[in-house]
Amino acid sequence: MTQLSLEAIRQQLEERNFIAEKVRIVTVEAMDPEVLAACTTTENETFYNSYMNVIYCRGDRYVLGYRCNEATIVDQAIIFKDGKYYDPTLQANGEGEFEAYPFAVLAEFKVFDMMTHAKNNKDFPPDVDFLFTRKKHFKKRYKIIFIVRGDFSQRTTSLPS
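Residues numbered from 1 in each chain as written. Predicted model: local features only at pLDDT ≥ 70, side-chain atom pairs only at ≥ 80, totals over all residues. Heavy atoms only, no water.

## Details of the overall build of the protein chain
Thinking step 1. Within the protein chain, the regular secondary structure consists of seven helices and five strands.
Thinking step 2. Moving toward the C terminus, one meets the helices and strands of the protein chain in the order α-β-α-α-β-β-β-α-β-α-α-α.
Thinking step 3. Within the protein chain, the proportion of its 161 residues that are buried is 45%.
Thinking step 4. Of the roughly 8800 Å² of accessible surface on the protein chain, a fraction of 49% belongs to carbon and sulfur atoms. (Helix = DSSP H or I, 4+ residues; strand = E, 2+ residues; numbered from the N terminus. Buried < 20%, exposed > 50% of the residue type's maximum accessible area, 1.4 Å probe, protein only. Areas by Shrake-Rupley, 256 points an atom, 1.4 Å probe, with all protein chains shown as cover.)

## So, helix α3 (residues 46-55)
Thinking step 1. Of all ten residues in α3, eight are buried; the element is thus mostly enclosed.
Thinking step 2. The complete set of buried residues in α3 reads T46, F47, N49, S50, Y51, M52, N53 and V54.
Thinking step 3. One or two positions beyond α3, positive phi appears at C57, with a value near 65°.

## Quick look at the pattern of salt bridges
Thinking step 1. Counting across every chain of the model gives four salt bridges.
Thinking step 2. Where R24 meets E108, a salt bridge forms, and the shortest distance between an N and an O atom there is 2.9 Å. Here R24 is found in strand β1 (residues 24-29), whereas its partner E108 is found in strand β5 (residues 101-109), with 84 residues between them in sequence.
Thinking step 3. For E70, the salt bridge identified is with R67, shortest N-O distance 2.3 Å.
Thinking step 4. According to the relative accessible area criterion, E70 is partly exposed, its value standing at 34%.
Thinking step 5. For R67, a relative accessible area of 5% translates into the label buried.
Thinking step 6. One network of salt bridges, in which partners are shared, links R24, R61 and E108. (Salt bridge = Lys/Arg side-chain N within 4 Å of Asp/Glu carboxyl O.)

## Digging into unusual backbone geometry
Thinking step 1. Its identity as a non-glycine residue notwithstanding, C57 has a phi of 65°, on the positive side.
Thinking step 2. Mapping C57 onto the fold places it in the loop between α3 and β2 (61-67).
Thinking step 3. Notably, D82 is not glycine yet its phi reads approximately 50°, a positive angle.
Thinking step 4. Relative to the assigned elements, D82 resides in the loop between β3 (74-81) and β4 (84-86).

What follows is the structure, encoded as structure tokens:
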């Protein structure tokens, strides 16, 4: 696992048309094994697992952003619970001991926020592309640190394998 420097993370965020200094970087930690067992049912499905963990109260918030532990940042969904950030899917599917890693936070949703959007959107659980398609709404209503510039008509996002 690679640990990117803050400068490398900011550079890659800028390449994706974010104003990098406005994006918050947090540390994703390992969950206790007992808690982890209850959080993962679908292999390698980070967005689905994180979404369901929040719906079923195993997480306080659904967090979208970029995982910064590889040579290139990867869009990812994690959970926030009891003041800490966790990635149960990566931890459960990883080999060896889980290592804490930096994560660039774009948006955090509470259960009510997600359910409000789920009623009128087929793109659920939400991913980073969902934020781009509705950036005006999220920027104003939820005060997300989601400040973007540029044309995204040619934008593509690769999901972690």
